[in-house]
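If you want the building blocks of each chain, they are given just below.
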Amino acid sequence: MAPEVRLRIVPLVASATEIVHALGLGPYQVGRSHECDYPEQVHGLPVCTRPRFDVTGSSAEIDRLVRDTLRGAVSIYEVFDSVLEGLQPTHILTQSLCKVCAVTLEDVENAMAAGFSTHPRVVALEPDSLEDIWRDIRRVGEACGVADGGRGLVESLQQRMAEISLIARDGAAPAVACVEWVEPLMEAGHWTPQLIAMAGAAVTTFQSDPDILIVAPCGFDIGRTAREMYWLEQRTEWNDLRAVRRNQVFLADGNQYFNRPGPRVVETLRILAEICHPALFEPTMEGRGWRRYAEAASA
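Colleague: What's the story with the overall build of the protein in this structure? I'm lost.
Modeller: Within the protein, the secondary structure is distributed over 13 helices and 11 strands. For the protein, whose C-alpha radius of gyration is 20 Å, the value lies close to the compact-globule estimate of 19 Å for 299 residues. Its C-alpha atoms put the protein at 60 × 45 × 30 Å along the principal axes. Of all 299 residues assigned to the protein, the portion counted as buried reaches 51%.

Here's what the structure looks like:
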């Protein structure tokens, strides 16, 4: 069902853009953040944000720049208030979970401090868990006048995930560690442990000698992750890890899947299921969502 009022939506978080389009509200999106890159048609929309430093460096360099920026009490992201005002938005979608991952509610409020003529409604997503992702989808639907669509979308996604999980339960439960940053080493949190459990696996850590190691750094695709793997390879315990010895190290697209709390969380679960239970799942996401490290490293 179409909304009753003419919307002008500006998502400033990549996952929010995906939620907007999954709700059928894509025609009403008039702007985006520098990170909003899916679906393809959003690339032509005006960009309203940018990072304050070069994000093409190594994991360690990015971590240092993030810490230096936050230490100076400066936001990591710049919001182009004049561009945003010119778009005359009725709704701005942002997030309040992480100051590092994306534009925050505080960034938006600072940009709006001078006053916006349209007085847009600001919706801040807070996806700390899988349940929060469902709540955020429903909240966006309600805010944009398509509450029924929001509830229906959540039910559809939950059903698809339940079907994957049901098949995964028939397999053995490997111990899986998922890394979301390589230097410094950071384990994946928030909704990822829930997805690992739904994929019929046991959640463990890098240091606990996992059966399977998945590396999916925030904001990195598979190719960039492969170039950063030397940080893990130089760790003293690397060659002794069971996953390394058994060729059970996998690279996943952290940018498009693992670190996007939106509709494609279903695809993230599918990636985990394919990796953990290759005998039960056809590798439909292999190549675009995940690759075995040995193959990616030699490519």
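Colleague: Is there a simple way to think about the packing of aromatic side chains in this case?
Modeller: Two measures describe an aromatic ring pair: the distance that separates the ring centres and the angle between the ring planes. Within the structure shown, the criterion is met by four aromatic pairs. Considering the side-chain rings of Trp 181 and Phe 220, the 5.1 Å spacing of their centres and the 55 degrees angle between planes classify their relative orientation as tilted. Residue Trp 181 is found in strand β6 (residues 175–182), and its partner Phe 220 is found in the loop between β9 (212–215) and α8 (222–228); the two are separated by 39 residues along the sequence. Phe 220 matches Trp 181 in its accessibility class, with the two residues each being buried. The cationic tip of Arg 264 hangs over the ring face of Tyr 38; the distance from NZ or CZ to the ring centre is 3.7 Å.

Colleague: Where do I start with the packing of helix α5 (residues 130–143) against helix α6 (residues 147–168) in this structure?
Modeller: When two helices pack together, their arrangement is given by the angle between the helix axes and the distance between those axes. With their axes 6 Å apart at the nearest point, α5 and α6 run at an angle of 155 degrees to one another. Classed by the angle they form, the pair α5 and α6 counts as roughly antiparallel. In this structure, α5 crosses over α6, and the sense of that crossing is right-handed. Within the contact between the two elements, α5 uses Leu 130, Trp 134, Ile 137, Arg 138, Gly 141 and Glu 142 and α6 uses Ala 147, Gly 150, Arg 151, Leu 153, Val 154, Leu 157, Gln 158 and Met 161. Here the residues of the contact of α5 with α6 are counted per class, giving eight nonpolar, three polar and three charged.

Colleague: Got a minute to help me understand the nonpolar core in this structure?
Modeller: Most often, soluble globular proteins keep nonpolar side chains buried together rather than apart. Among the nonpolar cores identified, the biggest contains 52 residues, and Leu 25, Trp 134, Ile 214 and Phe 258 are the most heavily contacted of them. Looking at which element gives the most residues to this core, the answer is helix α12 (residues 265–276), with eight residues. When residues no more than four places from it in sequence are discounted, the contact partners of Trp 134 are Val 154, Leu 157, Gln 158, Met 161 and Val 265. Of all hydrophobic cores here, the second largest spans 19 residues; its members include Leu 12, Val 66, Val 79 and Val 108.

Colleague: Help me out: how do you make sense of the sheet that holds strand β4 (residues 91–95) in this one?
Modeller: Pairing between the strands of a sheet comes from backbone hydrogen bonds, and it takes one of two forms, parallel or antiparallel. Taken in spatial order, the three strands make up an open sheet running β1-β4-β5, and their pairing is parallel. Where the open sheet ends on each side, the last strands, each with one partner, are β1 (9–11) and β5 (121–125). Across this sheet, the average inter-strand angle for adjacent strands is 20 degrees, counted without regard to direction. Relative to β4, β1 runs parallel, the two being bridged by three bridges. Paired with Ile 9 across the strands is His 91, a residue of β4.

Colleague: I would appreciate a short explanation of unusual backbone geometry in the present structure.
Modeller: Trans is the common state for peptide bonds, and a negative phi is the common state for residues other than glycine. Note that the residue after Tyr 38, namely Pro 39, is joined by a cis bond; omega there is 0 degrees. Along the chain, Pro 39 falls in the loop between α1 (14–22) and β2 (49–51). One non-glycine residue, Gln 88, adopts positive backbone phi at about 50 degrees. A positive phi angle is found at Asn 247, which is not glycine, with a value near 60 degrees. Mapped onto the elements of the fold, Asn 247 is located in the loop between α10 (242–245) and β10 (249–252).

Colleague: Where do I start with the pattern of salt bridges in this structure?
Modeller: As a working rule, side chains carrying opposite charge can pair if their charged atoms are close by. Applying the stated criterion across every chain yields a total of 14 salt bridges. The closest approach of N and O atoms between Asp 136 and Arg 135, which form a salt bridge, is 3.9 Å. Owing to a relative accessible area of 1%, Asp 136 belongs among the buried residues under this scheme. Residue classification places Arg 135 among the partly exposed positions, given a relative accessible area of 33%. Here Glu 274 and Arg 270 are joined by a salt bridge, their closest N and O atoms 2.7 Å apart. Taken together, the positions of Glu 274 and Arg 270, both in helix α12 and four residues apart, correspond to about one turn of that helix. Exposure remark for Glu 274: the relative accessible area of 2% places this residue in the buried category.

What counts and what doesn't
- Residues numbered from 1 in each chain as written.
- Predicted model: local features only at pLDDT ≥ 70, side-chain atom pairs only at ≥ 80, totals over all residues.
- Heavy atoms only, no water.
- Helix = DSSP H or I, 4+ residues; strand = E, 2+ residues; numbered from the N terminus.
- Rg over C-alpha atoms; globule rule 2.2 N^0.38 Å.
- Buried < 20%, exposed > 50% of the residue type's maximum accessible area, 1.4 Å probe, protein only.
- Phe/Tyr/Trp six-rings, centres within 6.5 Å; stacked < 30°, edge-to-face > 60°.
- Lys NZ or Arg CZ within 6 Å of the ring centre and 35° of its normal.
- Axes fitted to C-alpha atoms, helices over the stretch in contact; angles between N-to-C directions.
- Parallel < 35°, antiparallel > 145°, perpendicular 65-115°, else oblique.
- Left-handed = near helix turned anticlockwise from the far one by under 90°.
- Contact = heavy atoms within 4.5 Å.
- Nonpolar A, V, L, I, M, F, W, Y, C, P; charged D, E, K, R; others polar.
- Core = buried A, V, L, I, M, F, W, Y, C linked by side-chain atoms within 4.5 Å.
- Pairing = 2+ DSSP bridges.
- Salt bridge = Lys/Arg side-chain N within 4 Å of Asp/Glu carboxyl O.

By themselves, these observations are geometric and do not establish any function.
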